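Chain and residue survey
Take a look at the letters that make up each chain.
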Amino acid sequence: MLEFATTNPGKIHEAREYLGAETVEQFDFDYTEVQGDDLDAVAAHGVREAHRATGEPVIVDDSGLFIDAFDGFPGPYSSYVEDRLGIERVWRLTKPEDDHSGAFETVIAYCDGDSFEATPEPVDRDERRGQDLAASERGGATTDEQVQGTELPVKLFWGRVPGQIVAPRGEGGFGFDPIFEHNGTTFAEMDTEAKNAISHRGRALAKFSEWVETTGRLE
Ligand code: ITT
């Protein structure tokens, strides 16, 4: 059994559809989101914290919508922007004359407490540790947790899908799905299987499940 540390039921639904309902269990855990310009550090820090809390093999998924006309914003701040602005206003902020292209990105981070060939960069770079320590000074993990945290091996799996920011369409999915169009269809107009076949998360899950099969990690 694999724990998926997330507060987002939409992510659980998609992971269960892809990996099998009997494989994935939700660990309703709100890990500390360290401030940073990329998803890797957030996911690596989060999965270590989640593993320390559950003691089980665990994944986290940190995702973001990167809009070209906004130089990649909201990116790692997507959750905050969805909560505060809402997706309708994000769509309205893209002016008709703007380039409406963008991409969804996901990083899935895995940790089970045992050693394995971890992702070497950028998670274990000294500057990451500096960033994590800065987060701890702002009230995140304590220094002791941080030291343990940097010793826990983490594997990262990435997925990305290009698309267009459009007026909201469709009733399915979650989050920004109604305003994200890929090949003429918004993610909210697709069923879960169709979205997984091409989405950022589906691509990251494919790499994760290939690695699990090759290494026999969850057996
Ligand atoms: P957890 O951190 O607890 O997993 P979250 O919803 O905060 O849940 P993220 O920080 O990864 O997760 O998500 C950033 C934002 O992007 C958030 O507003 C999500 O609703 C949205 N999002 C993530 N994946 C998405 C997807 O596949 N389709 C549409 N929106 C998505």
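Residues numbered from 1 in each chain as written. Predicted model: local features only at pLDDT ≥ 70, side-chain atom pairs only at ≥ 80, totals over all residues. Heavy atoms only, no water.

**Re the site of the ligand**
Neighbouring residues of the ligand: 20 residues in total, closest T6, T7, E82, D177 and K195. Take K195: an N or O atom from its side chain is 2.7 Å from an oxygen atom of the ligand. Within the contact set of the ligand, an oxygen atom lies 2.9 Å away from a side-chain nitrogen or oxygen of H200. Against a free-state accessible area of 600 Å², the protein chains account for coverage of 94% of the ligand. Comparing atom positions with the cavity grids shows the ligand to sit within the largest pocket. At the level of secondary structure, the elements contributing two or more residues to the shell around the ligand comprise β3 (58-67), α3 (78-84) and α8 (200-215). Partitioning the shell around the ligand into residue classes produces four nonpolar, eight polar and eight charged. (Near = heavy atom within 4 Å. Polar contact = N/O pair within 3.5 Å; in protein donor to acceptor, adjacent residues only side chain to side chain. Areas by Shrake-Rupley, 256 points an atom, 1.4 Å probe, with all protein chains shown as cover. 1 Å grid on protein atoms, 1.4 Å probe; cavity = no way out; pocket = protein on both sides within 12 Å on 5 of 7 lines; lining within 4 Å. Sits in = over half its atoms within 2 Å of the grid points. Helix = DSSP H or I, 4+ residues; strand = E, 2+ residues; numbered from the N terminus. Nonpolar A, V, L, I, M, F, W, Y, C, P; charged D, E, K, R; others polar.)

**A closer look at the packing of aromatic side chains**
Tallied over the entire structure, the rule returns 13 aromatic pairs. With centroids separated by 6.4 Å and ring planes inclined at 10°, the aromatic side chains of F104 and F187 adopt a geometry described as stacked. Highlighted residues: F104 in strand β5 (residues 101-111) and F187 in the loop between β8 (185-186) and α7 (192-198), separated in sequence by 83 residues. Judged by relative accessible area, F104 falls into the buried class, the value being 7%. One aromatic cluster is present, formed by Y110, F116, F157, F208 and W211 through successive ring pairs. (Phe/Tyr/Trp six-rings, centres within 6.5 Å; stacked < 30°, edge-to-face > 60°. Buried < 20%, exposed > 50% of the residue type's maximum accessible area, 1.4 Å probe, protein only.)

**Topic: the layout of surface pockets**
Leftover empty space is mapped by rolling, across the atoms, a probe with the size of a water molecule. There is about 520 Å³ of room inside the largest pocket. In this structure, the largest pocket is lined by 28 residues; those nearest its centre are N8, K11, S63, S79 and F174. With five residues, β3 is the largest single contributor of residues to the lining of the largest pocket. Classifying every residue of the lining of the largest pocket gives nine nonpolar, nine polar and 10 charged. Per-class residue counts for the lining of the second largest pocket are five nonpolar, three polar and one charged. (Points joined across faces, edges and corners; volume = space filled by probe spheres on them.)

**Looking at the nonpolar core**
Nonpolar side chains in soluble globular proteins generally cluster together in the buried interior. Counting residues in each nonpolar core, the largest one holds 21 residues, and the members touching the most others are A5, F29, V47, A50, V60, A109 and V154. Among the secondary structure elements, those contributing two or more residues to this core are α2 (39-54), β3 and β5. Looking at this core, the element that brings in the most residues is α2, giving seven residues. Discounting residues that sit within four places of it in the chain, A109 has contacts with A43, A44, V47, V58, I59, V60, V154, K155 and L156. I12, A15, V24 and I59 belong to the second-largest nonpolar core, a separate cluster that totals 16 residues. (Core = buried A, V, L, I, M, F, W, Y, C linked by side-chain atoms within 4.5 Å. Contact = heavy atoms within 4.5 Å.)

**Structural notes on the side chain of T94**
Turning to its location among the elements, T94 is positioned in the loop between α4 (87-93) and β5. Here T94 falls in the buried class, since its relative accessible area comes to 4%. Of note is the side chain of T94, whose polar atom sits 2.5 Å from the backbone oxygen of W91.

**Comments concerning the pairing of strand β2 (residues 24-27)**
Pairing analysis gives four bridges linking strand β1 (residues 2-5) to β2, with the strands arranged parallel. Paired with L2 across the two strands is V24, which belongs to β2. Crossover connection from β1 via helix α1 (residues 9-19) to parallel β2: handedness right-handed. (Pairing = 2+ DSSP bridges. Right-handed = clockwise from strand over helix to strand, strands pointing away.)

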